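The residues making up each chain are set out below.
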Amino acid sequence: MIRKVLLPLGLAAGIAGGVLFSASSASASGFVPGGVYPSVQACSDAGNAGFPQGRWVGFYCQSLGYGQYELWVQPTY
């Protein structure tokens, strides 16, 4: 009786854990916000400054309008 209850629960927990693990590793390769800057040049300078420090492996600047730009970075984890 106990085996009939615990086996499905263990299987469900294993599947849920696998889904959570795969979701976290997939999101690790994505871009995250890195700051807001008053110009595209300032944003680009900040993005390029992170490479020699090993803080990220990629970046891009997204226009927010009104002359502001958001830096998005791809962390090295």
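It should be emphasised that the depicted structure is a prediction, and the values quoted were computed from it without experimental measurement. Along each chain, residue indices are assigned from 1 in the same order as the chain's sequence is written. For a predicted model such as this one, the threshold for reporting local features is a pLDDT of at least 70, and the threshold for listing and counting side-chain atom pairs is 80 or more; totals across whole chains, interfaces and linings nevertheless cover every residue. Side-chain measures were taken over the full set of non-hydrogen atoms in the model, leaving aside hydrogen atoms and water.

### Looking at the nonpolar core
- Residues grouped as a nonpolar core are buried Ala, Val, Leu, Ile, Met, Phe, Trp, Tyr and Cys residues, joined through side-chain atoms within 4.5 Å. Only protein chains enter the area calculation, which uses a 1.4 Å probe; residues under 20% of their type maximum are buried, those over 50% are exposed, and those in between are partly exposed. C43, A46, W56, L71 and V73 together form the largest nonpolar core, which totals five residues.
- In this analysis, two residues are considered to be in contact whenever any of their non-hydrogen atoms come within 4.5 Å of each other. Once residues lying within four places of it in the same chain are set aside, the contact partners of V73 are G30, F31, V32, W56, G58 and F59.

### Description of the confidence of the model for the chain
- Residue-level confidence of the predictor is what pLDDT reports, using numbers from 0 through 100. Averaged over all residues, the pLDDT of the chain is 76; the fraction at 70 or higher stands at 62%.
- Every residue in residues 9-26 is under pLDDT 50, and counting partners more than four places away or in other chains gives zero contacts.

### Describing the packing of aromatic side chains
- Pairing of aromatic rings covers Phe, Tyr and the six-membered ring of Trp, with a centre-to-centre limit of 6.5 Å; geometry is then stacked below 30 degrees between planes, edge-to-face above 60, and tilted otherwise. Taken as a whole and assessed by the stated rule, the structure comprises three aromatic pairs.
- Judged by centre distance (5.2 Å) and plane angle (65°), the ring pair of F31 and Y60 falls under edge-to-face. With a gap of 29 residues between them, F31 in the loop between α1 (2-27) and β1 (32-37) and Y60 in strand β2 (residues 56-65) connect regions that are remote in the sequence.
- Residue class for F31 comes out partly exposed when judged on its relative accessible area of 36%.
- Relative to W72, the ring of Y60 lies with its centre 6.4 Å away and its plane at 10°, an arrangement referred to as stacked. In this description a helix means any DSSP run of H or I spanning at least four residues, a strand means any run of E spanning at least two, and both kinds are numbered starting from the N terminus.

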